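Structure assessment
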Amino acid sequence: MSDFSQAGEKTNHYDISNFYSTNNKQQGEILTHSFLLQPGNWQINGHWLEHNEQPIPVTGTSIVTWKQARWFTMATELIIGQETPRKVSSKYRGHLDLNSKYYTYVLKHDVLGNIEGEGWIGPQAIVQYYWVLGRSQRHTGFDTYYRLNEDTYHFSGGMLTSLNLNSTIEATLQRQF
């Protein structure tokens, strides 16, 4: 983990989890997230659910990088199904506000197009909400990454069209070394 100066300037590495945890100890919280706050590769295994359908196996990978202080990128690729698999990929670029446990991001999704979103970082979970841009119907969604331990997160999310829930995902994220 890297250290940051009092002014928030970066050192050689862009792992901000140590700075983030240290800042929030003053407020009585210890945030120990390894997902999103540290660079890493994560294996995804779970199920995709659609209305009135059987659960569909899903596997994939997320790669989180920090190239600048407070700016992260995340590339995710999911393989949905086994018999006739379909690939879904997305690329995030986000900015973390260290003082408010809040981040914003833009996302390029190969099926949905351009997406914007925001997230909150809590003591045990990271929750994010997003909305799809440029569609005639309103598409929104949410994701929750619940920390089970330093190397494992439970991931659940859902996507809505207008007010109707379209699909959900339940998966485990396992950090790869």
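Treat the numbers as computed from the prediction; the structure is a model and nothing was measured.

With that settled, consider the pattern of salt bridges. When the charged atoms of two side chains lie near each other, side chains of opposite charge can form a pair. Following the criterion strictly, the structure yields three salt bridges and no others. Residue glutamate 150 pairs with arginine 175 through a salt bridge whose shortest N-O separation is 3.2 Å. One end of the pair, glutamate 150, is in the loop between strand S8 (139-149) and strand S9 (152-161); the other, arginine 175, is in strand S10 (residues 164-176), with 25 residues separating them in the sequence. What emerges from the salt-bridge pattern is a single network uniting Glu150, Asp151 and Arg175.

Once that is clear, we can look at the pairing of strand S1 (residues 40-50). Inspection of the sheet shows S1 paired to strand S2 (residues 56-68) by nine bridges, in the antiparallel sense. Among the inter-strand pairings, histidine 47 is bridged to a residue of S2, identified as proline 57. In textbook terms, the turn of a hairpin is the stretch between consecutive antiparallel strands, and for S1 and S2 this stretch comprises five residues, one of which, asparagine 52, has a positive phi near 60°. Of the strand pairs in this sheet, S1 and S10 are connected by ten bridges, and their pairing is antiparallel. By the bridge assignment for S10, asparagine 45 is matched with threonine 172.

One pass over the structure, following the stated rule, counts ten aromatic pairs. Between tryptophan 42 and tyrosine 153, the aromatic rings sit 5.6 Å apart at their centres with planes inclined by 85°, giving edge-to-face as the arrangement. Taken together, the residues span a long stretch of sequence, with tryptophan 42 in strand S1 and tyrosine 153 in strand S9 at a distance of 111 residues. Judged on exposure class, the residue tryptophan 42 and its partner tyrosine 153 are both buried. Aromatic rings pair up to connect Phe35, Trp42, Tyr145, Tyr153 and Phe155 into one cluster.

What counts as what
Residues numbered from 1 in each chain as written. Predicted model: local features only at pLDDT ≥ 70, side-chain atom pairs only at ≥ 80, totals over all residues. Heavy atoms only, no water. Salt bridge = Lys/Arg side-chain N within 4 Å of Asp/Glu carboxyl O. Helix = DSSP H or I, 4+ residues; strand = E, 2+ residues; numbered from the N terminus. Pairing = 2+ DSSP bridges. Phe/Tyr/Trp six-rings, centres within 6.5 Å; stacked < 30°, edge-to-face > 60°. Buried < 20%, exposed > 50% of the residue type's maximum accessible area, 1.4 Å probe, protein only.

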